[in-house]
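Per-entry structural report
Below, each chain spelled out in residue letters.
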Amino acid sequence: MNRQDTLIILDFGSQYTQLITRCVREQFVFSQQLPWNTDPEVLSRLNPKGIILSGGPASVNSPDAPKLPSYLPNLKIPLLGICYGMQLLADALDGQVIPSMEREYGSANLIVSKANALIPEGMHSVWMSHGDRINKLPPGFEILASTDNSPIAAMGDPDRHFYGVQFHPEVKHTSIGVDIIRRFLFEICQVSSTWTPESIIKESINQVRDQVGASRVLSAVSGGIDSSVATALVHRAIGSQLDAVFVDNGLLRKDEPEQVIHSFREILGIQLHSVPAKDQFFSDLKGITDPEEKRSRIGNRFIRIFENQARALGHPKFLVQGTIYPDVVESYSHDRAQTETIKTHHNVGGLPEEMNFKLVEPLRYLFKDEVRKLGIALGLPDSLVWRQPFPGPGLAIRCLGEVTPERVELVRAADAIFIAELNQAGLVKKAKEISQYFTVLLPIKTVGVMGDQRTYENVIALRAVSTDDFMTADWSRLPLELLARISNRIVNDVQGVNRVVYDITSKPPGTIEWE
């Protein structure tokens, strides 16, 4: 995906890299995150108007630490180094980086002594996280700001448009962070704000048409926001060339198969083929407990079913999937060569190596909130745009341990109660108060007492999180009275459950899903 105004973020291993990407996107500028050692030809094809160097956990003085690619300073485009990125810039351009006498973590007061293009004058609260510091500026640079522990907390070479900040402008704890990003984008890189839902739709339509031509296309529909927007977008591009396929795998939430079929056929007017396949999926999952194996088997079965549908529909060459940017970031893929695989998404790393489709992924570089904005711009009904996020493998990865029809029905019943109570409490309208919420069936049993008799039954975990981008998330502080009511209903109404727990883990260190 290449645009006239593109910002590249080179990832050196920082936990905040995705936040940089989002900060740029929020200014309606397209940004793409790439590994630090990306092939220069790949970077050249993207024609970036500026590059941001992320932070990272290494020390530039370590022999095995990532280094600044030698070609970057010769590109004659603006560079902004953040934390480790600033130290890389200094080290590569004949400055000096040394260990700090005192490490600097957390809030610090930044003093900006003179007017400059990057940081407003005055004293500002910023967020630090570093053990090394710059001891000598590279030739051509000047000090822009300092803190008590970092005499060179920001530097700049205005002639070459090279800048560095020792703190993290991408986190909310830095009061002037958004201002710094905006200054770099619009004053230093001089980009235009063209990354809007309307422009994304227009460009995506052109790309889809260029990719598929007059060929027929299948769309993998789950009913979730990602596959719905992807399908609507492709339908806008090629109309009757598209056949949407919905697979009822027996792993959906209560009443969802009927809701999905109604939405696509009656509301969107898209040709939808419904395939009952519960028995096939449960057969594939029999005896399987490893979450990666679950995802792999589910991904394989989906593809095989779509291949069967393709034969019945005249062998379409292309398959539409609702892959989004967090799926790509968290999975191993060709354009994330240096990433650590957190979990394999069934529609990224879980696909079989051999399949008879070429993938169409119009949302591959979008975050979840951007997908929702696209859905609104495409005219999708609220019932689809604000539908609760749901993973492709469905309840299989919310049923920890072996996946059986009985265990899936148990977690489905508990999930329906949780959703009903949250809606009754008015906490989930348009995903603003709580972004994602669901139940998990644990692979353990506990002792309980019901009706004066000993029980030894299953445990249900409740999970509710708030997030803007699904890359990071915080657990939702639900009222205790509500949690008590939910627990009471589940234990009394769902036979086979005698204990309910609430997950209070943020992301990171946990992921939103348990598997």
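Quick caveat, the model's predicted, so the values are computed rather than measured.

Definitions and cut-offs
Residues numbered from 1 in each chain as written. Predicted model: local features only at pLDDT ≥ 70, side-chain atom pairs only at ≥ 80, totals over all residues. Heavy atoms only, no water. Helix = DSSP H or I, 4+ residues; strand = E, 2+ residues; numbered from the N terminus. Rg over C-alpha atoms; globule rule 2.2 N^0.38 Å. Buried < 20%, exposed > 50% of the residue type's maximum accessible area, 1.4 Å probe, protein only. Areas by Shrake-Rupley, 256 points an atom, 1.4 Å probe, with all protein chains shown as cover. Lys, Arg positive; Asp, Glu negative; His and termini not counted. Charge placed at Lys NZ, Arg CZ, Asp CG, Glu CD. Salt bridge = Lys/Arg side-chain N within 4 Å of Asp/Glu carboxyl O. Pairing = 2+ DSSP bridges. Axes fitted to C-alpha atoms, helices over the stretch in contact; angles between N-to-C directions. Contact = heavy atoms within 4.5 Å. Expected span 1.5 Å × (residues − 1). pLDDT = per-residue confidence, 0-100. Phe/Tyr/Trp six-rings, centres within 6.5 Å; stacked < 30°, edge-to-face > 60°. Lys NZ or Arg CZ within 6 Å of the ring centre and 35° of its normal.

1. Side note on the overall build of the protein chain
A count of helices and strands for the protein chain gives 14 helices and 18 strands. Here the protein chain has a C-alpha radius of gyration of 25 Å; the compact-globule value for 515 residues is 24 Å, and the two agree. Based on the C-alpha atoms only, the size of the protein chain along its principal axes is roughly 75 × 65 × 40 Å. Across the 515 residues in the protein chain, those meeting the buried criterion constitute 58%. On the protein chain, roughly 21,900 Å² of surface is accessible, and the fraction owed to carbon and sulfur atoms is 48%. Each charge sign in the protein chain was given a centre, from 53 positive and 61 negative side chains, and these centres are 3 Å apart.

2. Describing the pattern of salt bridges
By the definition in use, this model includes 23 salt bridges. Across the salt bridge formed by lysine 114 and glutamate 142, the nearest N and O atoms sit 3.7 Å from each other. Here lysine 114, found in the loop between strand 5 (96–112) and strand 6 (122–136), pairs with glutamate 142, found in strand 7 (residues 142–146); they are 28 residues apart in sequence, far enough to count as distant. A residue is classified by how much of its surface remains accessible, and lysine 114, at 37% relative accessible area, is partly exposed. Its relative accessible area of 29% is what places glutamate 142 among the partly exposed residues.

3. Re the environment of glutamate 266
Inspection of the secondary structure assignment puts glutamate 266 in helix 7 (residues 256–267). On the basis of relative accessible area, glutamate 266 is assigned to the exposed category, the value being 59%. Note: C-alpha distance between glutamate 266 and alanine 115 (151 residues apart in sequence) is 60 Å.

4. Remarks on the sheet that holds strand 13 (residues 318–320)
Spatially, the 5 strands line up as an open sheet ordered 12-11-10-13-14, and their pairing is parallel. Lying at the two open borders of the sheet, with one neighbouring strand each, are strand 12 (272–276) and strand 14 (358–360). Mean inter-strand twist for the sheet, computed between neighbouring axes without regard to direction, equals 30 degrees. Packed onto the sheet, helix 9 (residues 291–312) meets strand 10 (217–221), strand 11 (242–248), strand 12 and strand 13 and runs at close to 135 degrees relative to strand 11.

5. With respect to helix 13 (residues 405–424)
Its 20 residues place the ends of helix 13 28 Å apart at the C-alpha level, agreeing with the 28 Å of an ideal helix rising 1.5 Å per residue. Taken together, the buried positions of helix 13 are occupied by Arg407, Val408, Leu410, Val411, Arg412, Ala414, Asp415, Ile417, Phe418, Glu421 and Leu422. Contacts made by the buried residues of helix 13 are with helix 8 (278–285), strand 15 (436–450), strand 16 (453–466), helix 14 (480–493) and strand 18 (497–502). Once helix 13 finishes, glycine 426 follows within two positions and takes phi at roughly 70 degrees, a positive value.

6. Remarks on the confidence of the model for the protein chain
Residue-level pLDDT values for the protein chain average 89, and 93% of them are 70 or greater. In the model of the protein chain, helix 10 (residues 325–330) stands out as the element of lowest mean pLDDT, 72, in contrast to strand 3 (residues 50–53), which has the highest, 98. Contacts for the low-pLDDT stretch residues 332–351, under 50 throughout, to residues beyond four places or in other chains number 72 contacts.

7. Considering the pairing of strand 11
For strand 11, the tally of buried residues reaches 7 of 7 residues, placing the bulk of the element in the interior. Judged by which residues are buried, strand 11 turns out to be covered on both faces: Leu242, Ala244, Phe246 and Asp248 on one side and Asp243, Val245 and Val247 on the other are all buried. Pairing geometry for strand 10 and strand 11, over 5 bridges, is parallel. Across the sheet, residue leucine 218 finds its bridge partner in strand 11, namely aspartate 243.

8. Focus: the packing of aromatic side chains
To describe a pair of aromatic rings, one takes the distance between the centres and the angle between the planes. Under the definition given, this model contains 9 aromatic pairs. Centre to centre, the rings of phenylalanine 30 and tryptophan 195 are 4.7 Å apart; their planes meet at 50 degrees, and the pair counts as tilted. Linking phenylalanine 30 in strand 2 (residues 30–35) with tryptophan 195 in the loop between helix 4 (177–188) and helix 5 (197–212), this pair joins segments that are 165 residues apart in sequence. Using a relative accessible area of 1% as the deciding quantity, one classes phenylalanine 30 as buried. Take tryptophan 195: its relative accessible area is 4%, and that puts it in the buried class. On the numbers, 6.2 Å between centres and 75 degrees between planes, the contact of tryptophan 475 with tyrosine 502 is edge-to-face. With a gap of 27 residues between them, tryptophan 475 in strand 17 (residues 474–475) and tyrosine 502 in strand 18 connect regions that are remote in the sequence. Each member of the aromatic cluster is reached from another via a ring pair, and the members are Phe30, Trp195, Tyr325, Tyr365 and Phe367. Looking at arginine 398, its charged tip hangs above the ring of phenylalanine 438, at a distance of 4.0 Å from the centre. Positioned over the ring face of tryptophan 475 is arginine 477, at 3.8 Å from the centre of the ring.

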